[in-house]
Amino acid sequence: MKKIKVAVLGATGAVGEEILELLIERKFPYSEIKALASKKSAGKTLEVKGQKFIVEEASPEAFNDIDIAFFCAGGNVSLNLADEAVKRGAVVIDNTSAFRMNKDVPLVVPEVNPEDLKWHKGVIANPNCSTIIMAVALAPLEKHFGLDRVIVSTYQAVSGAGIKGMEELQSEVLDPDYTPQVLPVASLPKHYQIAYNLIPQIDVFDKEGYTKEEWKMINETRKMFHRDDLGITATTVRVPVMRCHSESVYVELKKDFTLDEVREVLAGAKGLIVQDDIENQIYPMPLMLEKENDIYVGRIRKDLYNPRGLNFWVVGDQIRKGAALNAVQIGESMLAD
Ligand SMILES: NC(=O)c1ccc[n+]([C@@H]2O[C@H](COP(=O)([O-])OP(=O)(O)OC[C@H]3O[C@@H](n4cnc5c(N)ncnc54)[C@H](OP(=O)(O)O)[C@@H]3O)[C@@H](O)[C@H]2O)c1
């Protein structure tokens, strides 16, 4: 197989560094990896899994000769540089929200809609992290029973806000005089402590009272499932957990089901592990699932008042499957084709 020249834009960030780690760990067939970031990081050395990368400043010319470019440096950087990379022959796999709802850009989770990779025009979007974690669990239910309604509440780790989100939680725990500067939204004037707290706001609000993160879960799920009619409602909450997002999901299915059937369908799905043994207090928890590639589902139970209603709890490492791993898997699927 031809060796691939890869660029990681945002290599000094939480997602970028995880992509570097996964490319090495999964033996992605690269001949060269270019680590790109902002001007401030140019010249910095990153050491990942024993390999050293000298960071270069991102520029249009940095994508000359690149075959696959992983973008994880924020939406504005993607809007500025994705066309430049595609013009130079690269396929861009974008982790930001810049292109996700663009009609010409497929939005892909390989376990959900791998067929959409076929029609890309140079850019492929990785969905939002909470959306990916939920979608991996919803996909087998949609396939076997059909989904009528989805109600989700999230419990999202501070690393969802990048390295600065993790540093903020750590600073608050270590220093009682620390003044919050990052959460809930760095660019807004008001900030709240996340240590020993919950913040029911991830990203900015719209006029209907939903946050952008909540809209991402709604719109991106509909796009991937090709179901504009799917009724989804979401509440997204930041919690003082370092890594891994958890979600409480309620679904109404189109067909009658038994819990044994549901468990069998979920256990047979790719990328999903059923961890559900309440007699022994076994269920997924974020602290135990850091760096895991799979999404874990537990607390599977029926709604007692609606025969087609089902509750479950789902947890996944949002830097891995919610971002970096999903992007690398997209790259792997394309190379396999
Ligand atoms: N964290 C998650 O769980 C997660 C999950 C899914 C998707 N995402 C998305 O992935 C993207 C990156 O998130 P993150 O959490 O990794 O953020 P992060 O830890 O804050 O890292 C941001 C990266 O972007 C680089 N960057 C910033 N401005 C730049 C510029 N003007 N030119 C070039 N590089 C620039 C930074 O480089 P410097 O170090 O030089 O500043 C750094 O490498 C965001 O769009 C985010 O929404 C994040």
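Residues numbered from 1 in each chain as written. Predicted model: local features only at pLDDT ≥ 70, side-chain atom pairs only at ≥ 80, totals over all residues.

Draft legend 1. Summary view of the pairing of strand β10 (residues 231–238). Covered by surrounding structure in β10 are Ile 232, Ala 234, Thr 236 and Arg 238 only, the residues Gly 231, Thr 233, Thr 235 and Val 237 on the alternate face being uncovered. As paired elements, strand β9 (residues 147–156) and β10 share 8 bridges and run parallel to each other. If you follow Tyr 155 over to β10, its bridge partner there is Val 237. (Buried ≥ 20, exposed ≤ 12 C-beta atoms within 10 Å, placed from the backbone. Helix = DSSP H or I, 4+ residues; strand = E, 2+ residues; numbered from the N terminus. Pairing = 2+ DSSP bridges.)

Draft legend 2. Structural detail: the site of the ligand. Taken together, 29 residues form the shell around the ligand, and within it Gly 13, Ser 38, Ser 41, Ala 73 and Gly 162 come nearest. Sorting the residues of the shell around the ligand by element identifies α1 (14–25), α2 (75–87), α4 (162–174) and α7 (320–336) as the ones contributing at least two each. In this structure, the shell around the ligand is formed jointly by two domains, domain 1 (4–126 + 323–336) and domain 2 (131–318), each of which donates at least three residues. (Near = placed C-beta within 6 Å. Domains from an automatic or database assignment.)

Draft legend 3. Here's a closer look at the environment of Ile 54. Within the secondary structure, Ile 54 is located in strand β4 (residues 51–54). The exposure class assigned to Ile 54 is exposed, which follows from the 11 C-beta atoms found within 10 Å. Beyond its immediate chain neighbours, meaning those up to four positions away, Ile 54 contacts Gly 43 and Thr 45. (Contact = placed C-beta atoms within 7 Å.)

Draft legend 4. Spatial organisation of the sheet that holds β10. Pairing is mixed across the open sheet formed by 6 strands, whose spatial order is β10-β9-β11-β14-β13-β12. Edge positions in the sheet fall to β10 and β12 (272–274), since each of these pairs with one other strand and no more. Along the sheet, successive strands turn relative to each other by an average axial angle of 20°, direction set aside. Where β9 and strand β11 (residues 245–253) come together, 8 bridges link them in antiparallel fashion. Bridging across to β11, Tyr 155 finds its partner in Ser 246. Here helix α5 (residues 212–225) sits on the sheet and contacts β9 and β10; the angle it forms with β10, its principal contact strand, is near 145°. Packed onto the sheet, helix α6 (residues 259–267) meets β12, β13 (295–302) and β14 (309–316) and runs at close to 170° relative to β13. (Axes fitted to C-alpha atoms, helices over the stretch in contact; angles between N-to-C directions.)

The values reported here are purely geometric and, on their own, carry no functional implication.
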